[in-house]
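# Chains, contacts and geometry: an overview
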Amino acid sequence: MKLFKRLFSIEKKPRKGLILVEWVMLIYVLFTLLLLLLTFTKIQNPMSIIWLRVQAIMMVLGLWLVYRMIPCGLTMLLRILAQFALLGSWYPETFEFNRIMPNLDHVFASYEQQLFGCQPALLFSQKWSSPVVSELLTMGYVSYYPMMVLVPLFYFFYRSEQFVKSAFITITSFFLFYVIFIFLPVAGPQYYYPAAGIDQIAQGVFPNIGNYFETHSEGLPAPGYTDGFFYKILMWFHEAGERPTAAFPSSHVGVTVILLWLAWATGNRRFFWLLVPFGMLMFFATFYIQAHYAIDAIAGLVVGTLMYFLLLGVYKIRSF
C-alpha cells in the first residue's frame, strides 16, 4: 500500500520547472555542442552527436510535460530514470572527442611502473587466474550497474525527501567524469598494451603511440574465466559500449565510492554494509580485467570522495 501511494499519489506542491539534474544535463549538452563546433571537421560522426542531443532535449521536455499533467512519484521517477538511461549514450562520445588528441597512456603506464615496480594490470590476472577469483572480481565489476540504480531507488522508496538529491549527486558525478575523459585521452591497459606491444610492456618500455586511437579501437579481451556467468555479462557490457577512453580516474571506482557515501547517508547501516563488499571487489576488478591501471582505481577513490562532498554542497546551495 505504501509503495502504491509513493508511486501514484498526486503531489501537493509539484515542481514547476526542470529539476537540477536536468539543468545539469542541458549544460553538458550545451558545453559539448560548443566543443563540437570548435572541432567539427575533426570529429568523425558530428551529426549523430547533434541528433542525440536533439532527442535528449525532446525527451526531457516531454517527461516534464507528463509530470506537469500528472505530478506524482511515478512521473518524477521516470524523469530521473531517463537521465540514468542517457548516461550510456554520453559515455562513448568522450572517445569521439579525445581520439583527436595525442594519447597519454605512456605517461600513466610509466607512473604505474614507478609506483609499483611492475604493471599490476598485466600480472594480477596471471597470478590469480582461478575461476573462483575471476568470477568474484567480475561479479564485483558488473555489480556497478545495478548498484547505480539501486541506491537512488532506495532513496525513492525509503528516503523520498532526498531522492532528487541522491539522483543529482550520482548523475552529475558522471558528467564531471565525462568532462575529464574528453580532455584526458587515456585508454587503459586493455587498449594501450596491444597498441604498444605486450613484450615491450613486460620489459617496462612504454612507447608514445601518439594519435594511434584516432584510427584504431581494437583492444584485448578481458582476462578471466571465459566460461563464467559474470564474465559473459562483462563481455556483453564491453561489446555494447566500451571504447579506448575514460581510464583515468576510474569512474567505476569513483561513482561506486559516491554510491557508498550516499548509502551511508541513508542511515541504514545494513544497506551500506551490504554494498561494501561489492565496492571492494569493484576496486580490484578494474585492473584485474585490464580496464584500468591501479593508479586509476586509487585516483577514483580520491576523486569520487571529493565529488560527493562538492556536489552535496552545491545541492544545498542551489536546490530548488
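This structure is a prediction, so every number in the text was calculated from the model and none was measured. (Residues numbered from 1 in each chain as written. Predicted model: local features only at pLDDT ≥ 70, side-chain atom pairs only at ≥ 80, totals over all residues. Heavy atoms only, no water.)

Here we take up the nonpolar core. Counting 99 residues, the largest nonpolar core has Trp90, Tyr178 and Tyr192 as the members making the most contacts within it. When residues in this core are grouped by element, the largest group, 12 residues, is from helix α9 (residues 163-183). Ignoring any residue separated from it by four or fewer positions in sequence, one finds Tyr178 in contact with Tyr28, Leu87, Trp90, Tyr91 and Thr94. (Core = buried A, V, L, I, M, F, W, Y, C linked by side-chain atoms within 4.5 Å. Buried < 20%, exposed > 50% of the residue type's maximum accessible area, 1.4 Å probe, protein only. Helix = DSSP H or I, 4+ residues; strand = E, 2+ residues; numbered from the N terminus. Contact = heavy atoms within 4.5 Å.)

The next subject is the packing of aromatic side chains. On inspection of all chains with the given rule, the structure shows 33 aromatic pairs. Centre to centre, the rings of Phe283 and Phe287 are 6.0 Å apart; their planes meet at 90°, and the pair counts as edge-to-face. Taken together, the residues Phe283 and Phe287, both in helix α14 (residues 269-288) and four residues apart, mark about one turn of the helix. With centroids separated by 5.0 Å and ring planes inclined at 80°, the aromatic side chains of Tyr308 and Phe309 adopt a geometry described as edge-to-face. A relative accessible area of 5% places Tyr308 in the buried class. Three or more aromatic residues joined by ring pairs make a cluster, and in this case those are Tyr28, Trp90, Tyr91, Tyr144, Tyr145, Phe174, Phe175, Tyr178, Trp236 and Phe237. Against the face of Trp264 rests Arg269, its NZ or CZ located 3.5 Å from the ring centre. (Phe/Tyr/Trp six-rings, centres within 6.5 Å; stacked < 30°, edge-to-face > 60°. Lys NZ or Arg CZ within 6 Å of the ring centre and 35° of its normal.)

To locate leftover empty space, one rolls a probe as large as a water molecule over the atoms. Considering all chains together, one arrives at two cavities of 30 Å³ or more under this definition. One number sums up the size of the largest cavity: a volume of about 70 Å³. Taken together, the residues that form the lining of the largest cavity break down as nine nonpolar, four polar and two charged. Of the pockets and cavities examined, the second largest cavity occupies roughly 30 Å³. Taken together, Leu77, Ile80, Leu81, Phe84, Val149, Pro152, Leu153 and Phe163 make up the full set of residues lining the second largest cavity. Looking at the lining of the second largest cavity element by element, the count peaks at four residues for helix α4 (residues 73-98). (1 Å grid on protein atoms, 1.4 Å probe; cavity = no way out; pocket = protein on both sides within 12 Å on 5 of 7 lines; lining within 4 Å. Points joined across faces, edges and corners; volume = space filled by probe spheres on them. Nonpolar A, V, L, I, M, F, W, Y, C, P; charged D, E, K, R; others polar.)

Of note, Phe157 is situated in helix α8 (residues 144-158). When the C-alpha positions of Phe157 and Leu7 are compared, they lie 9.0 Å apart, and in sequence the two are 150 residues distant.

To continue, consider unusual backbone geometry. Cis geometry is found at the peptide bond from Phe248 to Pro249, where omega equals -10°. Structurally, Pro249 can be placed in the loop between α12 (229-241) and α13 (251-265). The backbone phi angle of Ala246 is positive, close to 65°, even though this residue is not glycine. Secondary-structure assignment places Ala246 in the loop between α12 and α13. A positive phi angle, near 70°, is found at Gln290, a position not held by glycine. Summarising the element assignment, Gln290 is placed in the loop between α14 and α15 (294-318).

So, about the pattern of salt bridges. Here the idea is simple: oppositely charged side chains can pair when their charged atoms come close. For the coordinates displayed, the defined rule picks out three salt bridges. Note that Glu22 is salt-bridged to Arg79, the shortest N-O span being 2.6 Å. Here Glu22, found in helix α2 (residues 20-38), pairs with Arg79, found in helix α4; they are 57 residues apart in sequence, far enough to count as distant. By relative accessible area, which is 1% here, Glu22 ends up buried. Its relative accessible area of 0% is what places Arg79 among the buried residues. A salt bridge links Glu93 to Arg53; the shortest N-O distance between them is 2.6 Å. In this pair, Glu93 sits in helix α4 while Arg53 sits in helix α3 (residues 46-69), placing the two residues 40 residues apart along the sequence. The pair Glu93 / Arg53 is uniform in exposure class, with both members buried. (Salt bridge = Lys/Arg side-chain N within 4 Å of Asp/Glu carboxyl O.)

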